[in-house]
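# Overview (structure and organization)
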Amino acid sequence: MPDNDIAALAGQVLAQLRRSGRKLVTVESCTGGLISAALSDIPGSSEILEGGFVTYSNALKMSAVSVPETVLAQYGAVSLQTAQAMAEGGLLNAVDADMAISVTGIAGPGGGSVAKPVGTVCFGLAVRIGAPTLTQRLFIGDRTSIRSQTVRHALQMVLNA
């Protein structure tokens, strides 16, 4: 179960999307499905949440949501370019969704580098009409905290769209 503030934020996202008649798909790497879980914990979410892709590996990023191999090779899995490709691929493969939120990052405790330390998370929000919104954050804390902060930020991005 998500903590109370995530649950409240997820409820706000669903209510706003319901009012606007839009549907959402998630494309998650470092959160492993926590965004779609937070949304699907709420009764009636199936009217809004089309579903979600959990794409930990580069191979699944390419096959499930059409991230180009060249993007992964040039920029890496944790990059704004990959987050954009994940979100756009989510929309491509979830034909009834109006928007897609993607997250790719390093939740730790290992896997970080000087250029991309643990806590680095890239977000993409793609919509059917309009330019994508991309952002990168550096979250501090342990793995659980970084993943929770990522879920909050992703839900806030959808709410602000």
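In what follows, the structure referred to is the one given above.
As the structure is a prediction and not an experimental result, all values here were calculated from the model.

### Points about the pattern of salt bridges
Opposite charge on two side chains permits them to pair, given that their charged atoms come into close proximity. Using the criterion set out here, one finds three salt bridges in the structure. Note that Asp5 is salt-bridged to Arg152, the shortest N-O span being 2.5 Å. On the criterion of sequence distance, the pair formed by Asp5 in helix H1 (residues 4-20) and Arg152 in helix H6 (residues 143-160) is long-range, its members being 147 residues apart. What makes Asp5 partly exposed here is its relative accessible area of 41%. What makes Arg152 partly exposed here is its relative accessible area of 25%. Between Arg18 and Glu47 there is a salt bridge, with its nearest N and O atoms 3.2 Å apart. One end of the pair, Arg18, is in helix H1; the other, Glu47, is in the loop between helix H2 (34-40) and strand E2 (49-54), and 29 residues separate them in sequence. Glu47 sits in the partly exposed class, given a relative accessible area of 48%.

### A closer look at the side chain of Thr120
Along the chain, the position of Thr120 falls in strand E4 (residues 120-127). A polar atom in the side chain of Thr120 sits 2.7 Å from the backbone oxygen of Pro117. In this structure Thr120 touches Val78, Thr104, Gly105, Ile106, Gln136, Arg137 and Leu138, once residues within four positions along its chain are discounted.

### Observations regarding the packing of helix H3 (residues 58-65) against helix H5 (residues 80-93)
Packing of H3 against H5 brings their axes to within 9 Å, and their N-to-C directions diverge by 35 degrees. Here Lys61, Ala64 and Val65 of H3 come into contact with H5, specifically with Thr82, Ala85, Met86, Gly89, Gly90 and Asn93. Here the contact of H3 with H5 is built from residues that sort into four nonpolar, four polar and one charged.

Conventions used here
Residues numbered from 1 in each chain as written. Predicted model: local features only at pLDDT ≥ 70, side-chain atom pairs only at ≥ 80, totals over all residues. Heavy atoms only, no water. Salt bridge = Lys/Arg side-chain N within 4 Å of Asp/Glu carboxyl O. Helix = DSSP H or I, 4+ residues; strand = E, 2+ residues; numbered from the N terminus. Buried < 20%, exposed > 50% of the residue type's maximum accessible area, 1.4 Å probe, protein only. Polar contact = N/O pair within 3.5 Å; in protein donor to acceptor, adjacent residues only side chain to side chain. Contact = heavy atoms within 4.5 Å. Axes fitted to C-alpha atoms, helices over the stretch in contact; angles between N-to-C directions. Nonpolar A, V, L, I, M, F, W, Y, C, P; charged D, E, K, R; others polar.

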